[in-house]
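Each chain is listed here by its residues.
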Amino acid sequence: MTAIANVVVVVIGLVALVLLPRTGGDGRSQVRAQARPPSPEPSAAPPKATAESARKAKANEAGLVPVIMYHRILHKRVASIDRTPGQLRKELERLARSGYVPITAAELVARKIDIPAGTHPVVLTFDDGHPSHFAMDENGMPKNDTAVGVIYEVAAKYPNFRPTATFWVNRDPFGLRDLKRQKQAVKWLLDHGFEVANHTYSHPDLRRLSNNGVGEQIVRQERLLKKIGVPASTTFALPYGSRPRKLGRAHDGTWDGTRYHFDAVFLAGAQPAVSPYAKSFPRYAIPRVQSNGKHGDCRRWCTTYWLDWLDKHPGERYTSDGDPARVSVPRKLRATLSPARARTVITY
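Attention in this report is confined to the structure presented alongside it. (Residues numbered from 1 in each chain as written. Predicted model: local features only at pLDDT ≥ 70, side-chain atom pairs only at ≥ 80, totals over all residues. Heavy atoms only, no water.)

1. Regarding the nonpolar core
Okay, step 1: Counting residues in each nonpolar core, the largest one holds 40 residues, and the members touching the most others are Leu92, Leu95, Leu124, Phe126, Phe167, Leu189 and Phe194.
Okay, step 2: Breaking this core down by element, the ones donating at least two residues are β3 (67-70), α3 (85-97), β5 (120-128), α5 (147-157), β6 (166-169), α6 (179-191), α7 (211-227) and α8 (303-312).
Okay, step 3: At six residues, α5 tops the list of elements feeding residues into this core.
Okay, step 4: Apart from residues no more than four positions distant in its own chain, Leu124 is found in contact with Ile68, Tyr70, Leu92, Leu95, Pro102, Ile103, Ile151, Phe161, Thr164, Ala165 and Thr166.
Okay, step 5: One finds Val123, Ala197, Ala237 and Tyr318 within the second-largest nonpolar core, a separate group that totals 25 residues. (Core = buried A, V, L, I, M, F, W, Y, C linked by side-chain atoms within 4.5 Å. Buried < 20%, exposed > 50% of the residue type's maximum accessible area, 1.4 Å probe, protein only. Helix = DSSP H or I, 4+ residues; strand = E, 2+ residues; numbered from the N terminus. Contact = heavy atoms within 4.5 Å.)

Structure representation (structure tokens):
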């Protein structure tokens, strides 16, 4: 099933959006998305891109992809990196109106970017597995004002906004200490197309650890994830964005007889990522953009700045041709692509 067909099915058909009025702290009615697993029914294959269709879509699959970094979602922010549910909702609605379609970090790295022609991929990432990211209500549905709840709320309003994200978690994922509840949470997320992956066991600064200590942190978390039903992580986010002294230990190593390997490593913030089809794609040092305004240190490194910049420079961002089997770029950008990653290229 293609991603966009899956979106339509999940959000409109099988998501079964039941509007349950609820009055939040601001006195307004909110929408709860009652989500069900994606349909197993096959869908029609996406149309094959041509030079003409790529030109019409202004496709540029060598462009920049915003990978957005979130931490806690709190009604009253404590730290500068916290976001309120309202701030998250506003930012996701901005992305939806601007034609961004969420994909997971794993899909970005694997180049599984199956989104409609003319739209742009965005990767929503949430660090630390905080309770505000995901919690289930008495009906087994995502609670309102959690990250997942807000994502589904926005997807209900904007059907092309695929409800997915990546959660990099530590021990006690989503604040849950009971193994059964951890399994239930993880199963729900994986069944609904979310990614859950490794963020170390206790969130240390890996720069301060020995090589053995780095391996222990990663392997202990990977063992926990396996125990609660998560397949082997293919992506890894560095706590604090701090890389080990031996850089390769962040993506390859062995501890206590267990080997680990990640296809990609993500940093803590800075700027949008280059296309995974580009020669310069930094697989083991992929930057992210912190969700925040334009004050202080965020004047040039946070989402408000970069989303504004991409709106003003649309030719610099990744724009899909609608065909996941082909890579379309303006002719002048052909040389920026890696032949090993972009084997079927359309130029115009």
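2. Section: the side chain of Gln290
Okay, step 1: Mapped onto the secondary structure, Gln290 falls in strand β12 (residues 289-290).
Okay, step 2: Here Asn292 takes part through its side chain, which lies 2.9 Å from a polar atom of the side chain of Gln290.
Okay, step 3: Dropping the residues within four chain positions of it, Gln290 is found in contact with Met69, Ser80, Ile81, Cys298, Trp301, Cys302 and Thr303. (Polar contact = N/O pair within 3.5 Å; in protein donor to acceptor, adjacent residues only side chain to side chain.)

3. Here's the deal with the pairing of β5
Okay, step 1: Counting buried positions along β5 yields eight of nine residues, so the element is predominantly enclosed.
Okay, step 2: Taken together, the four bridges between β3 and β5 define a ladder with parallel strand orientation. Bridging from a neighbouring strand, Val67 pairs with Val123 of β5.
Okay, step 3: Bridge count between strand β4 (residues 100-103) and β5: four bridges; the pairing is parallel. Note that in β5 the partner of Pro102 across the bridge is Val122.
Okay, step 4: Note that the unit made of β4, helix α4 (residues 105-110) and β5 has a crossover that is right-handed.
Okay, step 5: As paired strands, β5 and β6 are joined by four bridges and run parallel to one another. Paired with Thr125 across the bridge in β6 is Thr166. (Pairing = 2+ DSSP bridges. Right-handed = clockwise from strand over helix to strand, strands pointing away.)

It is worth stressing that arrangement in space is one thing and function is another; only the former is reported here.
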